[in-house]
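Listed below are the residues making up each chain.
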Amino acid sequence: MDGPVFTLFALAAFVGGFVSGFSGFAMGIVVSGIWLHIITPMQTACLIAGYGLLTQGYGIFKLRRVLDLRKAWPLAVGTVVGIPIGVSILAYLNPSYLRFGVGVLLVLYATYGLARPVFAPMKIGAGADIAIGLSNGLLGGLTGLGGVISTISCQWRGWPKDVQRAVFQPVLFVAFVVISLSQIVAGTITKDTLALYALGVPFMVAGLWSGFKLFGKIDDETFRKTVLVLLLFAGFSLIASALSFAF
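Figured I'd write up the structure that's included with this text. For clarity, every value in this text was computed on a predicted model and none was experimentally measured.

### Here we look at the overall build of the protein
- On a plain count of helices and strands, the protein comes out with 10 helices and zero strands.
- Going from the N terminus to the C terminus, the protein shows its helices and strands as α-α-α-α-α-α-α-α-α-α.
- In terms of overall dimensions, the protein is globule-like: its C-alpha atoms have a radius of gyration of 17 Å, near the 18 Å expected for 247 residues.
- For the C-alpha atoms alone, the extent of the protein along its principal axes is close to 50 × 45 × 35 Å.
- For the protein, with 247 residues in total, the buried portion stands at 47%.
- Long-range contacts, defined here as pairs at least 24 residues apart, represent 84% of the contacts in the protein between residues at least 6 apart.
- As presented, the protein carries roughly 11900 Å² of accessible surface, and 73% of it is formed by carbon and sulfur atoms.
- When the 16 positive and 8 negative side-chain charges of the protein are each reduced to one mean point, those points stand 5 Å apart.

Below is the structure:
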């Protein structure tokens, strides 16, 4: 990897880490926009999963004082069940149509959320949470976005920003564990990929640290809008991906 390419790789790692540190998710959306142009799609997927364990593990550690696994476990269980189902269903669906449809829904949801006032918090039971987690895992298996629905559901409850992240970040961590184990079994993690991972760790950690510093200075409403903007970006990214495959 020559100097300019490494600079792009490292910059993407830093920005991805920063976004994850600030919001708790969306690292993969950010880095893939650059990495897919300079490394292979398989390396990108493996690095996102590997760095996902790092970013979500760091977030869980930082939020350990408000961590409540009673809130997170139903979403996590549903996600674990849903991911392989989503992957298996993918073989029977047109991925371009799927990405486009999900992208449009995310854009509509995020635009509506940014335009409307905050609604009253919703009360959601464990049974409904398992169903939400299943949908979260299905979407992750189908599109690679393994934390979107769980993140949205945490917003619906009106929890403070720390509590939201202390719930959806463990769910994301579990999703990345499942994905990483699947990659190990499939033999897609190579020595070159591990070398790239090692090169990017310092930049990812620096971004994480900086993002968490900024997270501590914002209020709940700013966090809500930040999550919605990232969901909007995710939606547009899926639409662009679908259109690129179509044409």
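### Section: the packing of aromatic side chains
- Enumeration according to the criterion identifies nine aromatic pairs in this entry.
- Ring geometry for Tyr51 and Tyr197: centres 4.4 Å apart, planes at 15°, overall stacked. Pair noted here: Tyr51 is in helix α3 (residues 41-62) and Tyr197 is in helix α9 (residues 191-215), with a separation of 146 residues, a long-range link.
- With relative accessibility at 0%, the residue Tyr51 sits in the buried group.
- Classification of Tyr197 by relative accessible area gives partly exposed; the value is 24%.
- An angle of 75° between the planes, with centres 5.6 Å apart, marks the rings of Phe215 and Phe223 as edge-to-face. You'll find Phe215 and Phe223 in the same group, each marked buried.

### Looking at a nonpolar patch on the surface
- There is a patch of nonpolar side chains on the surface, built from Trp73, Val77, Val81, Ile85, Ile89, Tyr92, Leu93, Ile130 and Leu134 and spanning about 800 Å² of accessible area.
- Broken down by secondary-structure element, the contributors of at least two residues to the nonpolar patch are α4 (69-90) and α6 (126-143).
- At five residues, α4 tops the list of elements feeding residues into the nonpolar patch.

### Remarks on the packing of helix α7 (residues 148-156) against helix α8 (residues 161-186)
- Running from N to C, α7 and α8 point in directions that differ by 160°, and their axes come no closer than 9 Å. On the basis of their axis angle, the class for α7 and α8 is roughly antiparallel. Classified by chirality, the crossing of α8 by α7 is right-handed. Residues Ser150, Thr151, Cys154 and Gln155 of α7 form the contact with α8, whose own contacting residues are Gln164, Val167, Phe168 and Val171.
- Counted by class, the contact of α7 with α8 contains four nonpolar, four polar and no charged residues.

Parameters at a glance
- Residues numbered from 1 in each chain as written.
- Predicted model: local features only at pLDDT ≥ 70, side-chain atom pairs only at ≥ 80, totals over all residues.
- Heavy atoms only, no water.
- Helix = DSSP H or I, 4+ residues; strand = E, 2+ residues; numbered from the N terminus.
- Rg over C-alpha atoms; globule rule 2.2 N^0.38 Å.
- Buried < 20%, exposed > 50% of the residue type's maximum accessible area, 1.4 Å probe, protein only.
- Contact = heavy atoms within 4.5 Å.
- Areas by Shrake-Rupley, 256 points an atom, 1.4 Å probe, with all protein chains shown as cover.
- Lys, Arg positive; Asp, Glu negative; His and termini not counted.
- Charge placed at Lys NZ, Arg CZ, Asp CG, Glu CD.
- Phe/Tyr/Trp six-rings, centres within 6.5 Å; stacked < 30°, edge-to-face > 60°.
- Patch = residues over 30% accessible without salt bridge, like charges linked within 9 Å, V, L, I, M, F, W, Y side chains within 5 Å.
- Salt bridge = Lys/Arg side-chain N within 4 Å of Asp/Glu carboxyl O.
- Axes fitted to C-alpha atoms, helices over the stretch in contact; angles between N-to-C directions.
- Parallel < 35°, antiparallel > 145°, perpendicular 65-115°, else oblique.
- Left-handed = near helix turned anticlockwise from the far one by under 90°.
- Nonpolar A, V, L, I, M, F, W, Y, C, P; charged D, E, K, R; others polar.

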